[in-house]
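Residue strings, one per chain:
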Amino acid sequence: MNIKKYLENPEEIRRDAYVIAMYKKLEDQKVCGYFSDVNDEIFYAYNIYAFPIIGLDFHILKFSNEKNICDPINATLTYLKTKKCPIIYSSKFFVLDDYCKKFNELLAKNTQKNIVKDKDIRKYLDENYKEEFSKQRYENAKELSKKINVLIDRLYESDLEDNYVFKLAFYIKFLPEYDDRIAILNKALEKASVTNKKHAFLKANCPYGICDKLKGKKIIKAKEDSKISFKHCIYGENKKYTTYKE
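Residues numbered from 1 in each chain as written. Predicted model: local features only at pLDDT ≥ 70, side-chain atom pairs only at ≥ 80, totals over all residues. Heavy atoms only, no water.

### Focus on helix H6 (residues 101-110)
For clarity, the cut-off: Relative accessible area decides the class of each residue, using a 1.4 Å probe on protein chains only: under 20% of the type maximum gives buried, over 50% gives exposed, and in between gives partly exposed. The numbering of helices and of strands both runs from the N terminus, where a helix is a DSSP run of H or I of at least 4 residues and a strand a run of E of at least 2. Working definition: the arc comes from the directions between the helix axis and the C-beta atoms, pointing outward to the latter. Any two residues whose heavy atoms approach within 4.5 Å at even a single point are treated as in contact.
Inspection of H6 places Phe103, Asn104 and Leu107 among the buried residues, and these make up the whole buried set. The arc that holds every buried residue of H6, seen down its axis, measures 100 degrees, which confines them to one face. Exposed residues lying more than 90 degrees from the buried face of H6 are Lys101, Glu105 and Lys109. Residues of H6 that are buried make contact with strand E1 (31-35), helix H4 (71-82), strand E3 (93-96) and strand E4 (114-117).

Here it is, written out as structure tokens:
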């Protein structure tokens with residue numbers, strides 16, 4: 001694992017996850033994609049390789065003719081339709097929450113793969129992969145997740161830019177092993193200095209694709225009282241709009 005590369009450019013973690021997803025599919029191992037804030041410890045317990053599937057790249061939109069949906073939805077659906085995203089292509093099923101009903105509706109219309117609500121994920125996994133469940137792996141994942149959250153909190157209190165910490169915390173989700181996530185965060189802490197900085201908070205509806213633009217802000221994903229949205233976002237009335245292109 002090239003920690004230096006990942007710290008310099010966290011997006012590289014996702015690019016390397018493309019290769020992991022394809023290899024796992026070729027090995028007939030289980031891969032799933034989630035458009036949700038679901039805790040991924042549950043997937044680890046069932047030995048399922050789970051990755052976020054939100055489309056974050058502007059260039060894929062050249063393959064889309066859609067005009068009235070936001071860029072995150074448009075990019076994700078275009079990757080699905082064109083089969084250009086190895087994670088989406090390799091996924092056996094998708095896990096969604098209720099955050100964006102528009103995305104849920106459009107995904108259901110464009111895939112024949114199983115779609116599972118995050119609140120029903122344990123039931124679905126028990127019905128389909130019960131023999132794979134490991135209580136030890138589950139408990140271990142929960143403990144490691146606590147450590148990860150503590151490290152992220154410490155990074156937010158360092159001299160690193162808040163939007164960089166937000167981005168790093170998101171992209172490490174593309175690493176299947178929790179120990180690798182911890183190693184990256186520990187290395188980031190080694191390079192940082194503790195400060196008593198004050199945070200400038202910013203609520204955004206779907207911030208993952210635009211965190212680089214929000215320098216100096218501690219980003220909070222939120223439906224209510226958000227200050228920035230993508231054009232055509234279902235929560236975006238009377239807010240500042242953005243697009244991937246800008």
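That shown, we press on.
### Section: the packing of helix H8 (residues 135-156) against helix H10 (residues 178-191)
Stated precisely, the cut-off is as follows: The angle between two axes is taken between their N-to-C directions and runs from 0 to 180 degrees, where each axis is a line fitted to C-alpha atoms and a helix contributes only its stretch in contact. Geometric relationships in this document are graded by angle, where less than 35 degrees denotes roughly parallel, more than 145 denotes roughly antiparallel, 65 to 115 denotes roughly perpendicular, and other angles denote oblique. Throughout, a crossing is termed right-handed when the near helix is turned clockwise from the far one, and left-handed when it is turned anticlockwise from it by less than a right angle. Classification used: nonpolar for Ala, Val, Leu, Ile, Met, Phe, Trp, Tyr, Cys and Pro, charged for Asp, Glu, Lys and Arg, polar for all others including Gly.
The N-to-C vectors of H8 and H10 enclose an angle of 20 degrees; their axes lie 10 Å apart at closest approach. Taken together, the axis directions place H8 and H10 in an arrangement best described as roughly parallel. The chirality of how H8 crosses H10 is left-handed. Of H10, the residues touching H8 (which contributes Ala141, Leu144, Ser145, Lys147, Ile148, Leu151, Ile152, Arg154 and Leu155) are Tyr178, Asp179, Arg181, Ile182, Leu185, Asn186, Ala188 and Leu189. Looking at the contact of H8 with H10, its residues break down into eleven nonpolar, two polar and four charged.

### Structural notes on the layout of surface pockets
This is how it is decided: The way it works is a 1 Å grid over only the protein atoms, where trapped points that fit a 1.4 Å probe form a cavity and open points with protein on both sides within 12 Å along at least five of seven lines form a pocket, and then any residue with an atom within 4 Å of a point lines it. Grid points are joined across faces, edges and corners, and a volume is the space filled by probe spheres set on the points.
Looking at the largest pocket, its volume works out to about 620 Å³. Asn39, Asn149, Ile152, Ala169 and Lys173 are the residues nearest the centre of the largest pocket, which is lined by 24 residues in total. The set of elements that each furnish at least two residues to the lining of the largest pocket consists of H8, helix H9 (162-171), H10 and strand E6 (218-221). In terms of residue count, H8 provides more of the lining of the largest pocket than any other element does, six residues in total. Here the residues of the lining of the largest pocket sort into 13 nonpolar, three polar and eight charged.

### As for the pairing of strand E5 (residues 201-204)
Put simply, the rule reads: Strands were regarded as paired on the criterion that DSSP finds at least two bridges between them.
Residues Leu202 and Ala204 of E5 are buried on one face, while the alternating residues Phe201 and Lys203, pointing to the opposite face, are not. In this sheet, E6 lies alongside E5 in parallel orientation, the contact comprising four bridges. Considered in E6, the bridge of Lys203 is made with Ile220.

### Thoughts on the nonpolar core
So the rule is basically this: In plain words, nonpolar cores are sets of buried Ala, Val, Leu, Ile, Met, Phe, Trp, Tyr and Cys residues tied together by side-chain atoms within 4.5 Å.
Ile87 and Ile184 are the most contacted members of the largest nonpolar core, which totals 65 residues. Sort the elements by how many residues they give to this core and H8 lands first, with seven residues. Beyond its immediate sequence surroundings of up to four residues, Ile184 is in contact with Met1, Ile3, Tyr6, Leu7, Ile13, Leu168, Ile172 and Leu175.

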